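# Reading the structure
So you can see what is in the structure, the chains are spelled out below.
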Amino acid sequence: MEKDSALYQLMDTRIHGVMNGIVSSDGEYQTILRKSDIYSGELDRMDLSKEIRLLIDRYVSEQNALDSRFGMLAYLLGFSDYKAMFWGKCLPTEAKEMNTEL
């Protein structure tokens, strides 16, 4: 799928615009964020070398990138499935098709 497609633009708007408001009020998201802050504080207190902290940071950043990309792809897949279902199955062109789909 092309990154300049309407679906990618919609995803970008929804994820980067609307999602900020949603996650700020989602209790489960906020709980995970607080746990993450606790672990971050524990790492700070460990007095790790710069090299080890950089390695941990790179690892966590790549894991976050993987999770983010997975979420984006799942969103695109779900929306594509919805579009196919809506246009292909929910709007039959003949009455006979409508009866067999029920």
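Here the residue index of a chain counts from 1 through its sequence in written order. For this predicted model, a pLDDT threshold of at least 70 governs which residues receive local features, and a threshold of 80 or more governs which side-chain atom pairs are given and counted, while totals over whole chains, interfaces and linings are taken from all residues. As a convention, hydrogens and water are excluded, and side-chain values are obtained from all of the structure's heavy atoms.

Let us look at the overall build of the protein. The numbering of helices and of strands both runs from the N terminus, where a helix is a DSSP run of H or I of at least 4 residues and a strand a run of E of at least 2. Along the backbone of the protein there are four helices and zero strands. When accessible area is computed with a 1.4 Å probe and restricted to protein chains, residues below 20% of their type maximum are described as buried, those above 50% as exposed, and intermediate ones as partly exposed. Looking at the 102 residues of the protein, the share that counts as buried comes to 8%. Computed with a 1.4 Å probe, the accessible areas rest on the Shrake-Rupley method; for each residue, only the protein chains presented here act as cover. By element, 59% of the accessible surface of the protein is carried by carbon and sulfur atoms, the whole surface being about 8,800 Å².

In this section: the pattern of salt bridges. In what follows, salt bridge is the name for a side-chain nitrogen of Lys or Arg lying within 4 Å of a carboxyl oxygen of Asp or Glu. Overall, the coordinates contain one salt bridge when judged by the stated rule. The partner of Arg53 in a salt bridge is Asp44, and the shortest N-O contact between them spans 2.8 Å. On the basis of relative accessibility, which here comes to 48%, the residue Asp44 falls in the partly exposed class.

In this structure, Leu7, Tyr8, Met11, Met72 and Leu76 together form the largest nonpolar core, which totals five residues. Elements represented by at least two residues in this core include exactly α1 (6–25) and α3 (50–88). Looking at which element gives the most residues to this core, the answer is α1, with three residues. Two residues form a contact once any of their heavy atoms are found within 4.5 Å. Filtering out sequence-adjacent residues up to four positions away, Met72 remains in contact with Met11 and Ile15. To define a nonpolar core, start from buried Ala, Val, Leu, Ile, Met, Phe, Trp, Tyr and Cys residues and group those joined through side-chain atoms within 4.5 Å.

Expected helix span is given by 1.5 Å per residue-to-residue step, counting one fewer step than there are residues. The end-to-end C-alpha distance of α1, which contains 20 residues, comes to 28 Å, matching closely the 28 Å that a straight helix rising 1.5 Å per residue would cover. Helix geometry: α1 is bent most strongly at Met19, by close to 50°. Taken together, the buried positions of α1 are occupied by Leu7, Tyr8, Met11 and Val23. Buried residues along α1 sit in contact with α2 (27–45) and α3. Think of it this way: the bend at a residue is just the angle between two axes, each fitted to seven residues, one set ending at that residue and the other starting at it.

Aromatic pairing here means that ring centres of Phe, Tyr or Trp (its six-membered ring) are within 6.5 Å. Orientation follows from the plane angle: under 30 degrees is stacked, over 60 is edge-to-face, and everything else is tilted. Here the structure, examined in full by the defined rule, presents two aromatic pairs. Pairing Tyr75 with Phe79 gives two aromatic rings, centres 6.4 Å apart and planes at 20°, and the pair type is stacked. Within this pair, Tyr75 and its partner Phe79 are both found in helix α3, separated by four residues, close to a single helical turn. Accessibility expressed as a relative area gives 26% for Tyr75, which makes it partly exposed.

Bringing a nonpolar patch on the surface into the picture now. Patch building starts from residues that exceed 30% relative accessible area and form no salt bridge, then joins like charges within 9 Å and nonpolar side chains (Val, Leu, Ile, Met, Phe, Trp, Tyr) within 5 Å. A surface patch of nonpolar side chains, about 340 Å² in accessible area, is lined by Leu10, Phe79, Tyr82 and Met85. Ranked by residues supplied to the nonpolar patch, first place goes to α3 with three residues. Checked against the element boundaries, Tyr82 lands in helix α3.

A few words on the layout of surface pockets. As defined here, a cavity is a set of points on a 1 Å grid over the protein atoms alone where a 1.4 Å probe fits but cannot get out. A pocket is an open set with protein on both sides within 12 Å along at least five of seven lines, and residues line them when an atom is within 4 Å of a point. Grid points are joined across faces, edges and corners, and a volume is the space filled by probe spheres set on the points. If you add up the space inside the largest pocket, you get close to 530 Å³. Put simply, the parts of the chain that give the lining of the largest pocket at least two residues each are α2 and α3. With nine residues, α2 is the single largest residue contributor to the lining of the largest pocket. Asp, Glu, Lys and Arg are counted as charged, while Ala, Val, Leu, Ile, Met, Phe, Trp, Tyr, Cys and Pro are counted as nonpolar; the rest, among them Gly, fall into the polar class. For the lining of the largest pocket, a count of residues per class yields eight nonpolar, four polar and four charged.

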